[in-house]
Structure formats: C-alpha cells, structure tokens
Amino acid sequence: MSEQPQQLVAPIGTHDVLPDTSRAWERVVGLFSTMAHQWGFGLVLTPVFEDVAVFNRGIGEKSDVARKEMYVFEDRGGRTYALRPEGTASVVRAFVQHHPTTPWKAWYVTPAFRYERPQAGRYRQHHQLGVEVLGTEDPLVDVEVIALAWRFYEALGLKRVSLIINSMGHAECRGAFVTQLRTHLETNETSLCDEHAKLWSNNPLRVIDCKKDECRGVIDAGPSIADALCEPCAEHFAAVAEGLTDIGVPWERNTRLVRGFDYYTRTTFEFVSDALDGAQNAVGGGGRYDQLAQDLGGDPTAGVGFGSGIERLLLALEAESVEGYQTLCDSSVDVFVVDMTGGLQAHLLCDELRRAGVAVDRAYDGRSMKSQLKAADRSGATVALLVGPQELEVGAITIRDLRATSDGDRQRQIARQNVVEEVLRTMEMSKNA
RNA sequence: GUGGGCGUAGCUCAGCUGGUUAGAGCGCCGCGCUGUGGCCGCGGAGGUCACGGGUUCAAGUCCCGCCGUCCACCCCA
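The sections below set out a description of the structure shown in this document. (Residues numbered from 1 in each chain as written. Chains lettered and ligands numbered in written order. Predicted model: local features only at pLDDT ≥ 70, side-chain atom pairs only at ≥ 80, totals over all residues. Heavy atoms only, no water.)

In terms of regular secondary structure, chain A is built from 18 helices and 16 strands. Relative to a compact globule of 433 residues, whose C-alpha radius of gyration would be 22 Å, chain A shows 28 Å and is clearly more extended. Per element, the accessible surface of chain A, about 22,400 Å² overall, is 49% carbon and sulfur. Seen as two clouds, the 45 positive and the 61 negative side-chain charges of chain A have centres 4 Å apart. (Helix = DSSP H or I, 4+ residues; strand = E, 2+ residues; numbered from the N terminus. Rg over C-alpha atoms; globule rule 2.2 N^0.38 Å. Areas by Shrake-Rupley, 256 points an atom, 1.4 Å probe, with all protein chains shown as cover. Lys, Arg positive; Asp, Glu negative; His and termini not counted. Charge placed at Lys NZ, Arg CZ, Asp CG, Glu CD.)

What follows is the structure in structure tokens.
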C-alpha cells in the first residue's frame, strides 16, 4: 500500500459503515420498513439528485441549508443539480409529477447531503428515514405521523426521547405574527444578542430559537405564535394535541420551536433525546407543509411528514445503553462448520443448512482444527458441527454446543442424514435455555 | 463560514527539557494441546511516527504549511 502516492480515504464528513456496526443499520431500517407497512405507507424511491429548483423552492432559498449547505453541481449537459439535503422536497416533487390518488402515504430511507463542518452527530452525508402524507388536512394524520415516529423510537428501545410540538399557523396568521414580531424586535433591537441585533430582519423567526440570554429575554416579553393563530389553525393544533393524548403519546408544547425549513405550516414537531448532549440532540422532526406541493408547481395539496436521522438514532441508542447497542450490532450466525477432511463436507453441510434457513459460516483454506474452532468462537455461533476422517468413515457428524460450560454434555455424535433436524432441535433448545 | 484540541502498529494509547536498533495493551498468526474454541503461558508478524518543508551535529519530540480527525459556535438529522 506504500506504492500509492497517497492514501485514498472516504471524503471529509462521510463514513464507511462496516459489518461490525452495519447490522444495527439493517435492524433499524428493517424495523422501520415493517412498521411503515403496518401504518399503511408504501416505499418511495427518488433520485439522490434533483434539479436545484426542487430544493430552492421547497425548503426556501433564504434557508441556511439552501443558501450555504447544498451540494450544487452542473452535469455534462449544463443542467444544475443538487444532492438532496433532506427527504421531503423530493417526495413531494414525485407526488406532483405522478398525480397519485390521495391520501398518498409514502415512506423513504435515503442519504442526505449538507456541506457543513462535521461535528458530533453531524456529517456531510447522513441518512434519514421518514414518511410523508399528501392530500389530507386531517389533524389525525398529523397525529398518525407523529405516532409512527414515537412508536418506532419506542420499539427501538429509546427511553429518553421527548416530543415537542408547536404550530406555525398558515400563511395568513403566521404573516400577521411575523409583522408583530418585527415591530417588537425593532423596538428592542439594542437588547438582542450581537448577531441578531444586526441580522434579525433577514429572518425574524430565527431569533425565536436563539439560545442567547439577550434574545431569550426579548422573545419572552414579545408576542407568542400561540396567541396569533387564527381560529382554524388553533383548532387544528388542539385536535393534534388531543389526538396524541388519546393514544398516550406524551407531548410538550414549545412556542419557541421554529424549524429550519421554510415550508412548514401549522403543526411542527421535534423529537429530542436527553441522552445526546450538545446541540445535536434532535433525533427526528417534521411538520405540516400545506403550501409545498403548490410551491413545486402542483395543485394545492396539504402534506405532513417526519424525518429521522439514522446516525442520531444509533448515537442515542448507544448513549442510552452501550450493551443494547452492541446487541443491535451483533451479527452472529447460528452454526459454524469445522471440516478436517479438506472442505468438501463443509461445502455440502453449509448448503444443506442454509437451504433450511439456518445462518451458517465456515472456515476456508484447510486450516487447523484449532484455528477453525477459534473462528467458530468468533462467529458467535451457538453450535459447531465437526466433521473429520473419523466421522466421515462412520457417516456421522459431531455436534458441539459452544455455549456449554460443563464438559459432560458438550458434544455428541449424530447420524449425517439427521443433521438439519438435529441442528434445528439444538438451536430450539438453546433458545429456551 | 469562525475558533480550539489531536494525528505514533488493524484498534486504544505511552514515548521526559530533541540524543543510538520506536513501546504497551487489545486484536491477528503460531506453539504448548500432531482432532477440540473461550482461560492461561510462550513466541511471531505488523510502523517511511498523516503528508511536505524548515531549524539542528541530531527531530516522533521544536517551527511553518498542508491534509485528516474530534469538539465548540452557526445550523440541523
């Protein structure tokens, strides 16, 4: 490897996921896939890159993500594309393009790209899974979307996640609120933090979730979005809150919750884990976006969805329980075949057992028995099958319990033709033990 | 985009105010045990000290640059 002029490595802010942890990824995505299906969602796959307009019009050209974090590039035909920075805009673009019947319930899992300085729980390529529902304003759909996320976290074993909800109102009542807010910020401009004293007018809503004491003081004394909601928006919010309570999903209202994308209307929510410290404690979030389809050139169509970062989920899982996380990563097979006759027997046994649905591995290259058993140990298998000249001669297989602590019942010989049956029985026994 | 810490074996790290052949633990391979893993003992392989310059008789150690990484701000998943 010293032949190469320089070592090639994964780009800054990106990571390879190798088999020592990828099993956890499989399980997280597998669980979500199963649950999404149970909730009535269908998988939607869209390209990782889109016309840059999809994201500019979608998440808002003024948003930080669109302004300075997108991977924008020109292809050989001179088209301007961007790597997807989040999941929603593409799904809504697909909805607008294909006119499916509504309500349209889509789930997705996708990489997302943002050009940021990497940090704990923040990467240039991260992965999100989530859902979107297009074509209904029913507040119980908001509840269903939030509940799916909540039950998913629950099923993963996350215990330290809490749900924060808020409403941004629709275009009109939010507009009225922003006007009030502007007036308030203007009169208190000198009391804001250094940064926002100058920049508040660009995006007044940003000031609301500023963490500096100065801004907090001004915001606390100012207008609240809760009071600015029109009657229908207030009712919608109340229905969402009630729907959550009906099914026992605990929530907390925070009128300071303002999310980064401009497309949100009415319901917004975020799931934060107190097991994650620092600013990267959000494991998921989302909201309603009743204008988005229209912004992307479609008919006015209401929508709501959530996205969750897989890396953040894994980080939270590990922070809550290192043991639990390791279990999630475990990629043990059931059986390991040790062959001292040259390899043909292992070849045949593996095929037979795998066809019976058993997870089997073996060693190669005719290694020593000691070395093969060592590999068996490392494979995490509960059972080893041993076949050598002695077994071959009498048509038998030695079946060894790799978990047994006493020498007595550690291993026994069985007839070659009963292998599958015996293995399945032994696995069943060790499962019950 | 701004600011800090850190780059030594596959991994985690030690290496004093520069001073001969660069260390440990884990992991890996082998042997003790020629057909029996985990535990133990012994041995072995594996490093142009991220990279490029500079200072010096002498640089892993000091200086500059560069790349990477971690962390904070910002923002978000």
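Our next topic: empty space enclosed by the protein. Taken as a whole and assessed by the stated rule, the structure comprises 1 cavity of 30 Å³ or more. In this structure, the largest cavity encloses a volume near 50 Å³. Along the walls of the largest cavity sit Val337, Asp339, Gly342, Gly343, Ala346, Arg362, Ala363, Tyr364, Asp365, Gly366, Arg367 and Gln372, which together make up its complete lining. Class assignment of the residues belonging to the lining of the largest cavity gives a composition of 4 nonpolar, 4 polar and 4 charged. (1 Å grid on protein atoms, 1.4 Å probe; cavity = no way out; pocket = protein on both sides within 12 Å on 5 of 7 lines; lining within 4 Å. Points joined across faces, edges and corners; volume = space filled by probe spheres on them. Nonpolar A, V, L, I, M, F, W, Y, C, P; charged D, E, K, R; others polar.)

This part covers the pairing of strand β9 (residues 265–273). Along any regular strand, the residues point their side chains to alternate faces of the sheet. Where burial is concerned, most of β9 is hidden: 9 out of the 9 residues are buried. Sheet analysis places strand β7 (residues 161–167) next to β9, joined by 7 bridges and oriented antiparallel. When the sheet's bridge partners are listed, Val161 is paired in β9 with Ser273. Pairing analysis gives 6 bridges linking β9 to strand β10 (residues 282–288), with the strands arranged antiparallel. (Buried < 20%, exposed > 50% of the residue type's maximum accessible area, 1.4 Å probe, protein only. Pairing = 2+ DSSP bridges.)

This part covers the side chain of Thr398. One can find Thr398 in strand β15 (residues 396–401). A distance of 2.6 Å separates the side chain of Thr398 from the side chain of Glu391, its partner in a polar contact. Non-local contacts of Thr398, meaning those with residues more than four positions away in its chain, are made with Ala384, Leu385, Leu386, Glu391, Gln411, Arg412 and Gln413. (Polar contact = N/O pair within 3.5 Å; in protein donor to acceptor, adjacent residues only side chain to side chain. Contact = heavy atoms within 4.5 Å.)

To continue, consider the protein's contact with RNA strand B. Taken together, 44 residues surround RNA strand B, and among them Arg114, Arg206, Gly260, Ala279 and Gln390 come closest. For RNA strand B, the backbone portion of the atoms within 4 Å of the protein, that is sugar and phosphate, comes to 46%. A distance of 2.8 Å is found between a phosphate oxygen of RNA strand B and a side-chain nitrogen or oxygen belonging to Gln119. Taken together, the elements giving at least two residues each to the surface near RNA strand B come down to β6 (125–134), β10, α16 (369–379) and α17 (389–394). For the surface near RNA strand B, the residue count by class is 14 nonpolar, 13 polar and 17 charged. (Near = heavy atom within 4 Å.)

This part covers the pattern of salt bridges. Enumeration according to the criterion identifies 16 salt bridges in this entry. For the salt bridge of Asp75 with Arg79, the shortest nitrogen-to-oxygen distance reads 2.9 Å. One salt-bridge network, in which partners are shared between bridges, spans Asp142, Arg288 and Asp290. (Salt bridge = Lys/Arg side-chain N within 4 Å of Asp/Glu carboxyl O.)

Attention now goes to a nonpolar patch on the surface. On the surface, Leu43, Leu45 and Val109 cluster together into a nonpolar patch covering about 280 Å² of accessible area. Position of Leu43 among the secondary structure elements: in strand β1 (residues 42–43). According to the relative accessible area criterion, Leu43 is partly exposed, its value standing at 45%. (Patch = residues over 30% accessible without salt bridge, like charges linked within 9 Å, V, L, I, M, F, W, Y side chains within 5 Å.)

Volume-wise, the second largest pocket comes out at about 300 Å³. His15, Val17, Trp25, Tyr123 and Glu311 are the residues nearest the centre of the second largest pocket, which is lined by 16 residues in total. Put simply, the parts of the chain that give the lining of the second largest pocket at least two residues each are α1 (19–38), β6 and α13 (310–320). Take the lining of the second largest pocket: its biggest share by element is 4 residues, from α13. Classifying every residue of the lining of the second largest pocket gives 7 nonpolar, 5 polar and 4 charged.

Treat this as a map of the structure, not an account of what it does.
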